[in-house]
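Residues per chain are reported as follows:
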Amino acid sequence: QLQLAESGGGLVQPGGSLRLSCAASRFSLDTYAIGWFRQAPGKEREGVSCITSGGNTNYADSMKGRFTISRDNVKNTVYLQMNSLKPEDTGVYYCAADFSCRGFVLADFRRFFSWGQGTQVTVSS
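Residues numbered from 1 in each chain as written. Predicted model: local features only at pLDDT ≥ 70, side-chain atom pairs only at ≥ 80, totals over all residues. Heavy atoms only, no water.

**Student:** Quick question: what am I supposed to make of the packing of aromatic side chains here?
**Tutor:** Aromatic ring pairs are described here by two measures, namely the spacing of the ring centres and the angle between the planes. Tallied over the entire structure, the rule returns eight aromatic pairs. A centroid spacing of 4.9 Å and a plane angle of 75° characterise the contact between Phe37 and Phe112, whose relative ring orientation is edge-to-face. You can see Phe37 sitting in strand β4 (residues 33-39) and its partner Phe112 sitting in the loop between α1 (102-105) and β10 (119-123), a full 75 residues away along the chain. Given a relative accessible area of 0%, Phe37 falls into the buried group. Judged by centre distance (4.7 Å) and plane angle (45°), the rings of Phe37 and Trp115 are tilted. One end of the pair, Phe37, is in strand β4; the other, Trp115, is in the loop between α1 and β10, with 78 residues separating them in the sequence. (Phe/Tyr/Trp six-rings, centres within 6.5 Å; stacked < 30°, edge-to-face > 60°. Helix = DSSP H or I, 4+ residues; strand = E, 2+ residues; numbered from the N terminus. Buried < 20%, exposed > 50% of the residue type's maximum accessible area, 1.4 Å probe, protein only.)

Structure below.
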């Protein structure tokens, strides 16, 4: 079964940047769409971004222009570059797999599988 592991979270000041990684093991990532999601304390999980196997990208409106998703199939890793971070970006960030980004677009995250354990992002001064 595909296994995913997030890394790269941490504490950053408002306006700062972080790059998250979602590394796959056991299977190649190249046939999967990968989504990034986040969950803040007391809030529901929300979609951040999704990239298809062909490299097409989708973003939640509040992340457009600030976040960039990319994939390196040689390294079997998907990245989330986050710039101009705001305190409201704080949360646990997860990656998960699907066969398309349709579930992300429809906000039906149950379609996604192989969820990672998450990585904490804290934006605070």
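Resuming the write-up.
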